[in-house]
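# An overview of the molecular structure
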Amino acid sequence: EKKKAEPKPETGRQTFLTEQAIRKEFGARPEVKSYRTLSTQFRYMEASLARLEENPASKLAIDQALITTFNKILDPTSVVMVSEYARTPEGQGALNYLRGRIAKLTTGGSGLTDAERVELVSMARKLMNVAEQGYQETATFYRQAAIRNGIDPSVIIQAIPDVPNTDDLSSEGNQNKPDPLGIR
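### A look at the overall build of the protein chain
Tallying secondary structure elements over the protein chain gives seven helices and zero strands in all. For the protein chain, the sequential pattern of α-helices and β-strands runs α-α-α-α-α-α-α. Of all 184 residues assigned to the protein chain, the portion counted as buried reaches 34%. Contacts spanning at least 24 positions in sequence make up 65% of the contacts within the protein chain whose residues lie at least 6 apart. Looking at the protein chain as shown, the accessible area adds up to about 11,700 Å², and 56% of this sits on carbon and sulfur atoms.

### A look at the environment of A21
Note on placement: A21 falls in helix α1 (residues 12–28). Take A21: its relative accessible area is 46%, and that puts it in the partly exposed class. Linking A21 and I156, residues 135 residues apart in sequence, is a C-alpha distance of 9.1 Å.

### Looking at the side chain of T138
Looking at the secondary structure, you find T138 in helix α6 (residues 114–148). T138 sits in the buried class, given a relative accessible area of 9%. Of the polar contacts made by the side chain of T138, one reaches the side chain of E31; its length is 2.4 Å. Apart from the residues within four sequence positions on either side, T138 is in contact with F26, R29, E31 and V32.

### Some points on the packing of helix α2 (residues 30–54) against α6
Two elements in contact, α2 and α6, have axes whose closest approach is 9 Å; the angle formed by their N-to-C orientations is 155 degrees. As judged from the angle between their axes, α2 and α6 are roughly antiparallel. Where α2 crosses over α6, the two elements pack in a sense that is left-handed. The residue inventory of the contact of α2 with α6, partitioned by class, reads 15 nonpolar, four polar and six charged.

Cut-offs used in this document
Residues numbered from 1 in each chain as written. Predicted model: local features only at pLDDT ≥ 70, side-chain atom pairs only at ≥ 80, totals over all residues. Heavy atoms only, no water. Helix = DSSP H or I, 4+ residues; strand = E, 2+ residues; numbered from the N terminus. Buried < 20%, exposed > 50% of the residue type's maximum accessible area, 1.4 Å probe, protein only. Contact = heavy atoms within 4.5 Å. Areas by Shrake-Rupley, 256 points an atom, 1.4 Å probe, with all protein chains shown as cover. Polar contact = N/O pair within 3.5 Å; in protein donor to acceptor, adjacent residues only side chain to side chain. Axes fitted to C-alpha atoms, helices over the stretch in contact; angles between N-to-C directions. Parallel < 35°, antiparallel > 145°, perpendicular 65-115°, else oblique. Left-handed = near helix turned anticlockwise from the far one by under 90°. Nonpolar A, V, L, I, M, F, W, Y, C, P; charged D, E, K, R; others polar.

Spatial relationships are all this shows, so hold off on functional conclusions.
Below, the structure written as structure tokens:
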């Protein structure tokens, strides 16, 4: 009577190649790529808004970063053209438009008001949250598949840095920071 051959245990190199293939497959998923890109862009917007709090007198570079990054979030494959950049402040209400124009004359920038700058970052956060849902669903699938196959899930799913919650600008972590814009 013939016995079935036992499968040979994987060698270290075979294990590495298996993990590498699964990690590559996970990283190539559209929802994973999208979330990684969006979370990076959101951190750029957060850094821009933080710079505004540090130096409220100069808004040119801050507005360029916020508007360009926001437009890239909305259409990641396009180049942000001058017309797209100009469209963002033009969509404001009349009173905010006038406030923004006055601010533009005195401190530079695109003509956005501080409240609209905060709203751009808040909207980017909401868009990122939607992308995160798709990412988490895929990560859960790959995490479970890795465990079923005896693979450490952290080898497949690399951690993405946490993004602070900006929906609550009055959170404990922000209470001791200066607030020259009066947004907290």
